[in-house]
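So the chains spell out like this:
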Amino acid sequence: QLEVHKNFCNSLCNIVGYSSQNFLRQIGVKLLRQYILQFDDEGRYLVLKNLLRTVAHHGISGYLAILYKDLVANALVSAKTDLPSSFSGKDFHTIFLQYICRLPQGAKTDLIEHADKVISSLNALRFFTIKDLHNRTGLWDIMSEIEKQFLDPLRKGLDISVAHYKAELKRVECGLDDEAEAERKSLEILDINIANATSESGNLDADLTRQRKIEILNQNLCTFDLIRSLLGRTVECVESSNRMLKSAEI
């Protein structure tokens, strides 16, 4: 509610997310963590929730999701009875359903753009399916919602994205990518070649451009493979823990 805290957090997150200097980003991450940990449990929860709500950088959102996971994990170990309200029940449900296990555009979400956040969310979810078999956080009360709004759309989104990127990779490898764009670049290269009185460098530049496209597409497909692997392990943990919970009830 205080502008000084809001401005400080926004400025710090901008440094962490967008600074061109690596050491500033590293210092910024440490400072952001120290800042959040200065508060009590309720304060930490409120800062994290509002940052997750407002931060646009998906890498930072992923970091904040893992930080919340770590705070709840510590509470699971240290709290002998009920967890603090900030790490269980309604508050836990709010932060998990609204800000962690959520795809902004469902199955149509750009999974490359949101990759860091999705990976962090899957890791956090998998952790609690393993460590919270007694439902102290209240995770299992919302698992059906998480499956509906996060796991199922993510599975469909992966199928769509992989098919699209594989098709695009095939087009690029066959030289069928945007002919108009290729023609425009060829004209630019031709201008450079005329100026430099060289004719072979243009072909080399064009080849490098196509090779770079292929590298980027393959990197993205590797990212999808990583997400799919994490998704598979998470779903396995959910199903395994569900069976254990049902057996315990019987």
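Rules of the game
Residues numbered from 1 in each chain as written. Predicted model: local features only at pLDDT ≥ 70, side-chain atom pairs only at ≥ 80, totals over all residues. Heavy atoms only, no water. Helix = DSSP H or I, 4+ residues; strand = E, 2+ residues; numbered from the N terminus. Expected span 1.5 Å × (residues − 1). Bend = angle between axes of the 7 residues up to and from the residue. Salt bridge = Lys/Arg side-chain N within 4 Å of Asp/Glu carboxyl O. Buried < 20%, exposed > 50% of the residue type's maximum accessible area, 1.4 Å probe, protein only. Axes fitted to C-alpha atoms, helices over the stretch in contact; angles between N-to-C directions. Parallel < 35°, antiparallel > 145°, perpendicular 65-115°, else oblique. Left-handed = near helix turned anticlockwise from the far one by under 90°. Contact = heavy atoms within 4.5 Å. Nonpolar A, V, L, I, M, F, W, Y, C, P; charged D, E, K, R; others polar. Phe/Tyr/Trp six-rings, centres within 6.5 Å; stacked < 30°, edge-to-face > 60°. Patch = residues over 30% accessible without salt bridge, like charges linked within 9 Å, V, L, I, M, F, W, Y side chains within 5 Å. Areas by Shrake-Rupley, 256 points an atom, 1.4 Å probe, with all protein chains shown as cover.

S.K.: Explain helix α7 (residues 143–173) here, please?
M.R.: An α-helix turns once per 3.6 residues; consequently, residues spaced three or four apart project the same way. Over its 31 residues, α7 extends 42 Å from the first C-alpha to the last, a length consistent with the 45 Å expected when each residue adds 1.5 Å. The axis of α7 is deflected most strongly, by about 25°, at Q149, and proline P153 appears within four residues downstream. Of the residues trailing α7, G175 is marked for its positive phi of about 75°.

S.K.: Would you mind going over the pattern of salt bridges with me for this structure?
M.R.: Pairing is possible between side chains that carry opposite charge, provided their charged atoms lie close to one another. For the coordinates displayed, the defined rule picks out 7 salt bridges. With a shortest N-O distance of 3.0 Å, D70 and K69 are connected by a salt bridge. Residue class for D70 comes out partly exposed when judged on its relative accessible area of 26%. A salt bridge links R171 to E168; the nearest nitrogen and oxygen atoms lie 3.1 Å apart. Here the residue R171 and the residue E168 both occupy positions in helix α7, the gap between them amounting to 3 residues, near one helical turn.

S.K.: Looking at this model, I keep getting lost on the packing of helix α3 (residues 41–54) against helix α4 (residues 58–78). Mind explaining?
M.R.: Between two packed helices, what matters for the description is the angle formed by their axes and the separation of those axes. Packing of α3 against α4 leaves a shortest axis separation of 10 Å and a crossing angle of 155°. The angle between the axes of α3 and α4 places the two elements in the roughly antiparallel class. Relative to α4, α3 is oriented so that their crossing is left-handed. Facing R44, Y45, L48, L51 and L52 of α3, the residues of α4 in contact are S61, L64, A65, L67, Y68 and L71. Its residues assigned to classes, the contact of α3 with α4 shows 9 nonpolar, 1 polar and 1 charged.

S.K.: Would you explain the packing of aromatic side chains in this entry?
M.R.: Taken as a whole and assessed by the stated rule, the structure comprises 10 aromatic pairs. Taking the centre distance of 5.3 Å and the plane angle of 80° together, the rings of Y35 and F39 count as edge-to-face. Of the residues examined, Y35 reaches a relative accessible area of 13% and is grouped as buried. F39 gets classed as partly exposed once you look at its relative accessible area, which sits at 27%.

S.K.: Any chance you could explain a nonpolar patch on the surface here in plain terms?
M.R.: Together, I15, F23, L24 and I27 line one region of the surface with nonpolar side chains, adding up to about 350 Å² of accessible area. Residue contributions to the nonpolar patch peak at 3 residues, all from helix α2 (residues 22–37). Topologically, I27 is positioned in helix α2.

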